[in-house]
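Tertiary structure, described
Letter by letter, the chains look like this.
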Amino acid sequence: MKFFIDTANVDEIRAAHDMGLVDGVTTNPSLVAKTGRNFHEVLTEIAALVDGPISAEVVALDTEGMLAEARELIKLHPKNIVIKVPMTPAGLKATRQLADEGIPVNMTLAFSPLQALLAAKAGAAYISPFVGRLDDVGHLGMEGVEQIRTIFDNYGFTTEIIVASVRSPLHVLNAALIGADICTIPYGVLLQLAKHPLTDTGIERFLADWQKSQV
């Protein structure tokens, strides 16, 4: 399973990259706004650091507006920029057009397996089901991911599943068990994956034994 980091904070991306844990990056306008920096500047800096897919989201809600934004964003790094498009009828139309032009699309804000099926049929390179937000309203977000995996396997779709809105290590574990292609993970959750209380106590015990042996 590939790990994308879900942030626009370049320092976090660099730290995760240095651990060898970044296969790609997902951003959105909210994440970029938190940095207080220019959207295009942030994307350019990320693209210089990470050699992998970097999702850049359009903000237009109409198809022509999405296409216009997408064609500007892709110029920032034609190899790695992926256009993030919302799951709407207008977004599906834009996705089909962009896919036909060879521009990869990550359809975002997906909440059902049927939306994922539509995205795959429209030619999306990636689909991002938001599991945490589904959990928030009393649904099992990972259950939807499992259904998407089954549908894609049934019909041989090559659209990759990005498990998004990840809130905890358990989301990452379940995504891996289901066979999701990618998890896009906030930096804080990524650090949690490496932690275990028995690791900490084990290190403390080893160090204590070492100190005793030096007496």
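Residues numbered from 1 in each chain as written. Predicted model: local features only at pLDDT ≥ 70, side-chain atom pairs only at ≥ 80, totals over all residues. Heavy atoms only, no water.

With respect to the pattern of salt bridges
Selection criterion: One speaks of a salt bridge when a side-chain nitrogen belonging to Lys or Arg is within 4 Å of a carboxyl oxygen belonging to Asp or Glu. Secondary structure elements follow DSSP: runs of H or I of four or more residues count as helices, runs of E of two or more count as strands, with numbering from the N terminus. Whether a residue is buried, partly exposed or exposed follows from its accessible area with a 1.4 Å probe, protein chains only, as a fraction of its type maximum: under 20%, in between, or over 50%, in that order.
Within this structure, the stated rule accounts for eleven salt bridges. Close ionic contact of E101 with R71 constitutes a salt bridge, the shortest N to O distance being 2.5 Å. Of this pair, E101 sits in the loop between α5 (89–100) and β5 (105–110) while R71 sits in helix α4 (residues 63–73); the two residues are 30 residues apart in sequence, bridging distant segments of the chain. Taking relative accessible area as the criterion, E101 reaches 35% and is therefore assigned partly exposed. Overall, the relative accessible area of 32% leaves R71 in the partly exposed class. Two residues, E72 and K75, come together in a salt bridge whose shortest N-O distance is 3.1 Å. For E72, a relative accessible area of 43% puts it in the partly exposed group. On the basis of relative accessible area, K75 is assigned to the exposed category, the value being 56%. Taken together, the shared-partner salt bridges in this structure form one network comprising R149, D153 and D181.

Details of the packing of aromatic side chains
Applicable threshold: Classification of ring pairs rests on two measures: the distance between centres of Phe, Tyr or Trp rings, Trp counted by its six-membered ring, which must be within 6.5 Å, and the angle between planes, read as stacked under 30 degrees, edge-to-face over 60 and tilted in between.
For the structure on display, the rule yields four aromatic pairs. Residues F111 and F130 carry aromatic rings whose centres are separated by 5.8 Å and whose planes lie at 55° to one another, so their mutual orientation is tilted. Of this pair, F111 sits in the loop between β5 and α6 (113–122) while F130 sits in the loop between β6 (126–129) and α7 (131–136); the two residues are 19 residues apart in sequence, bridging distant segments of the chain. Within the aromatic cluster, the residues linked to one another by ring pairs are F152, Y155 and F157.

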